[in-house]
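Chain by chain, the residues:
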Amino acid sequence: MRKLTYFIGTTIDGFIAAPDGDFAFFFPHVTEDYLPHLTGEYPETLPTPGRAALGIADAPNARFDTVVMGRSTYDQGLPDGLTSPYAHLRQIVLSRSLGADPDPAVEVTAEDPVALVRRLKRQEGLGIWLCGGADLAGQLLPEIDELIVKQYPVVADSGIPLFRAGFSPRVFTLTGSRVFEGGNLVLTYAKASD
């Protein structure tokens, strides 16, 4: 069975974006020692134009062949004309308000997120990447098998949290960690068995 992995960048205090959804404040922390790790271990998590700019457009998908995201996450690229941000993956946007598919390579669905992910998990292929955002991550928390948290050396004080859901503690086991010179951490957690 395929795994659902929430692969996400966050501040030290647990915010994935500014209150308006912008996450560009993370970019200065993608340093020379950190970028090769991202491009080597997680090439498919870079947007298609970024892969081309970095010379890894043809890099095979290492961990994921499907990306699931909420409407707000998808909307971040639209002002720049990016209607198919991850053309190298199957792209699914969960939205009840987006309407028609904005790009033939993007599937828009109002399906229940849990039912969708359960169906995707039963299909053949690589893993499923939960790209964001907080509301969708909160809804899918029971289905998340793995967390890969890219923690940046920033405190934001407010913004969009890692998860937005009611109080419901879930236990994850730390299975890997890596520290980079610039202060970035990559922490990998597996869902603890019940």
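On a predicted model such as this, the values are computed, not experimentally measured, just so you know. (Residues numbered from 1 in each chain as written. Predicted model: local features only at pLDDT ≥ 70, side-chain atom pairs only at ≥ 80, totals over all residues. Heavy atoms only, no water.)

Points about the overall build of the protein
(1) Moving on: Regarding its fold elements, the protein presents five helices and 10 strands.
(2) Moving on: For the protein, the spread of C-alpha atoms along the principal axes amounts to about 45 × 40 × 35 Å.
(3) Moving on: Relative to its full complement of 194 residues, the protein shows a buried share of 45%.
(4) Moving on: Considering only intrachain contacts with a sequence separation of at least 6, the fraction spanning at least 24 residues in the protein is 67%.
(5) Moving on: When the accessible surface of the protein is split by element, carbon and sulfur atoms take 54% of a total near 9700 Å².
(6) Moving on: Placing the 16 positive and 24 negative side-chain charges of the protein at their respective mean positions leaves the two points 8 Å apart. (Helix = DSSP H or I, 4+ residues; strand = E, 2+ residues; numbered from the N terminus. Buried < 20%, exposed > 50% of the residue type's maximum accessible area, 1.4 Å probe, protein only. Contact = heavy atoms within 4.5 Å. Areas by Shrake-Rupley, 256 points an atom, 1.4 Å probe, with all protein chains shown as cover. Lys, Arg positive; Asp, Glu negative; His and termini not counted. Charge placed at Lys NZ, Arg CZ, Asp CG, Glu CD.)

Observations concerning the sheet that holds strand 1 (residues 4–10)
(1) Moving on: As summarised here, the arrangement of the eight strands in space is 5-4-3-6-1-7-10-9, forming an open sheet in which the pairing is mixed. Of all the strands in the sheet, just strand 5 (106–109) and strand 9 (172–179) have a single pairing partner and so form its edges. Along the sheet, successive strands turn relative to each other by an average axial angle of 20°, direction set aside.
(2) Moving on: Here strand 1 pairs with strand 7 (residues 146–151) via six bridges, running parallel. Bridging from a neighbouring strand, Thr5 pairs with Glu146 of strand 7.
(3) Moving on: Docked against the sheet, helix 4 (residues 113–122) engages strand 1, strand 3 (64–70), strand 4 (90–94), strand 5 and strand 6 (127–132), running at close to 160° with respect to strand 4. (Pairing = 2+ DSSP bridges. Axes fitted to C-alpha atoms, helices over the stretch in contact; angles between N-to-C directions.)

Overview of the layout of surface pockets
(1) Moving on: Here the second largest pocket is characterised by a volume of approximately 160 Å³.
(2) Moving on: If you trace the second largest pocket, you find it lined by Leu141, Leu147, Phe163, Ala165, Gly166, Ser168, Pro169, Arg170 and Phe172.
(3) Moving on: Grouping the amino acids of the lining of the second largest pocket by side-chain chemistry returns six nonpolar, two polar and one charged. (1 Å grid on protein atoms, 1.4 Å probe; cavity = no way out; pocket = protein on both sides within 12 Å on 5 of 7 lines; lining within 4 Å. Points joined across faces, edges and corners; volume = space filled by probe spheres on them. Nonpolar A, V, L, I, M, F, W, Y, C, P; charged D, E, K, R; others polar.)

A closer look at the pattern of salt bridges
(1) Moving on: Tallied over the entire structure, the rule returns 10 salt bridges.
(2) Moving on: The closest approach of N and O atoms between Arg90 and Glu107, which form a salt bridge, is 2.7 Å. Here the residue Arg90 occupies a position in strand 4, and Glu107 occupies one in strand 5, the gap between them amounting to 17 residues. (Salt bridge = Lys/Arg side-chain N within 4 Å of Asp/Glu carboxyl O.)

Digging into the side chain of Asn184
(1) Moving on: Within the secondary structure layout, Asn184 lies in the loop between strand 9 and strand 10 (185–191).
(2) Moving on: The exposure class of Asn184 is buried, given its relative accessible area of 1%.
(3) Moving on: Among the polar contacts made by the side chain of Asn184, one reaches the main-chain carbonyl oxygen of His29 at a distance of 2.6 Å.
(4) Moving on: Residues in contact with Asn184, not counting those within four places in the same chain, are His29, Thr31, Tyr34, Gln151, Tyr152, Pro153, Arg178 and Val179. (Polar contact = N/O pair within 3.5 Å; in protein donor to acceptor, adjacent residues only side chain to side chain.)

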